[in-house]
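Tertiary structure, described
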Amino acid sequence: MMVTTKSELNLAVLDGGPEIFYTVQGEGASVGRPALFVRTSGCNLECSWCDTPYTWVFSSAKAAVHADGQLYSRRASQTRIAPADLAERIGSTGSTRIVLTGGEPMLQQKSLTEMLVNLKSTHPGVIVEVETNGTIEPRMYSILGRRTGMEVLVDQWNVSPKLSGARNSPGRALNPAALSRFGGLPNAVFKFVIAGEKDEADLLRLVGPANLGLQPARIWIMPEGRTPEEIRARLPRLAELCKVHRFNLTTRLHIEIWGDKQGV
Ligand SMILES: Nc1nc2[nH]cc(C(=O)O)c2c(=O)[nH]1
Ligand code: SF4
Ligand SMILES: [Mg+2]
C-alpha cells in the first residue's frame, strides 16, 4: 500500500524541475558506479567551499560565509514533491542504485523514510546510498503501523564530517553523539574532504583511538576542489597520507569528467 502524507520533500531545482540526474558516483567507496542522484535542498552547515551553495545560500548572511559570496533565491532554487510521487519518479527510471544527497538529506529524514518505504515496496532490489554530513542521527518512525526509518532502509551511508577547512562556526560541524552512532553502523563509510594541512591534523585526531576509533579501511580521503586542476594538485599529497595511515583515496571523478556543473 502506498504511504501518502502531507509532508512534502524540498528538493533542489535543475532545469525547472526537481534535481534528479543519472550519472556515475564520483566520490568515495562506490566511485564509478552508475547511480541516480536525488538532491534535497536545505543544509544545517555553511561550508565555505560547498559546491552546492544553491541548496542553502538564501540570505546575505549566508552569502557572506561562502567563498563565492553569491546569493541564491529560495523560490527559484527549491521545489516541493510528495514522497510517494518522488518514489514513483525514481522507480520509473529503472535505476538500481540511488544516491540521496543535498544539502543535508537527514534534515528531511521523515519524508525520505516515507519515500523509501514506497520505493522499496515497489522496487525491492534498489540499493540506496545517502550522502550526509553526519550531524543528524537516523530516527525510527511509525508508518502504516510499522516501525521503520532510514537506518533500516539505507544500504550505504556515506558520512562526510566537516573539518576546520570548511570554516563552519566552532562546534557546529561535529556532533560527537551522531558521529559515534554512524561509526557503529556496519554499513557506514566515512569520506573526508581535505582542504589543507590543518584538515589532515583534524582528521587524524578525529578518527584516532581517543575519538571515533575508526578502522582506516572505512575511511576515504578526497581533495577539496571544484576544478580538475585543483583536484590533481592535491591528490599526490593525499596518496602519501593514505599509504602511511592505510586510508582509501578518492578523487572527484565527476569533476574530472565534466567539471563543476550541476546535474552530473
Ligand atoms: N557524480 C557525482 N557524484 C557525487 N557524489 C557525491 C555527490 C554529492 O554532491 O553529494 C556527487 C555529485 O554531485 N555527482
Ligand atoms: S554539509 Fe555539504 S551541503 Fe552542507 S554546506 Fe557543507 S558541503 Fe554544502
Ligand atoms: Mg556534489
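Residues numbered from 1 in each chain as written. Chains lettered and ligands numbered in written order. Predicted model: local features only at pLDDT ≥ 70, side-chain atom pairs only at ≥ 80, totals over all residues. Heavy atoms only, no water.

**Details of the nonpolar core**
Residues Leu100, Met115, Leu116, Trp157, Phe192 and Ile221 are the most contacted members of the largest nonpolar core, which totals 43 residues. The element that contributes the greatest number of residues to this core is helix α4 (residues 109–122), accounting for 5 residues. Contacts of Leu100, omitting those with residues within four sequence positions, involve Val38, Pro105, Leu112, Met115, Leu116, Val128, Glu129, Val130 and Glu131. Trp49, Ala166, Ala173 and Met222 belong to the second largest nonpolar core, which has 16 residues in total. (Core = buried A, V, L, I, M, F, W, Y, C linked by side-chain atoms within 4.5 Å. Buried < 20%, exposed > 50% of the residue type's maximum accessible area, 1.4 Å probe, protein only. Helix = DSSP H or I, 4+ residues; strand = E, 2+ residues; numbered from the N terminus. Contact = heavy atoms within 4.5 Å.)

**Topic: the site of ligand 2**
The environment of ligand 2 is made up of Cys43, Leu45, Cys47, Trp49, Cys50, Thr52, Trp56, Gly103, Asn133 and Lys162. Classifying every residue of the shell around ligand 2 gives 6 nonpolar, 3 polar and 1 charged. (Near = heavy atom within 4 Å. Nonpolar A, V, L, I, M, F, W, Y, C, P; charged D, E, K, R; others polar.)

**Some thoughts on the sheet that holds strand β3 (residues 20–24)**
As summarised here, the arrangement of the 8 strands in space is β3-β4-β6-β7-β10-β11-β12-β13, forming an open sheet in which the pairing is mixed. For this open sheet the edge positions go to β3 and β13 (248–249), each flanked by a neighbour on one side alone. Set on the sheet, helix α8 (residues 228–245) makes contact with β11 (188–194), β12 (219–223) and β13; between it and β12 the angle comes to about 150 degrees. (Pairing = 2+ DSSP bridges. Axes fitted to C-alpha atoms, helices over the stretch in contact; angles between N-to-C directions.)

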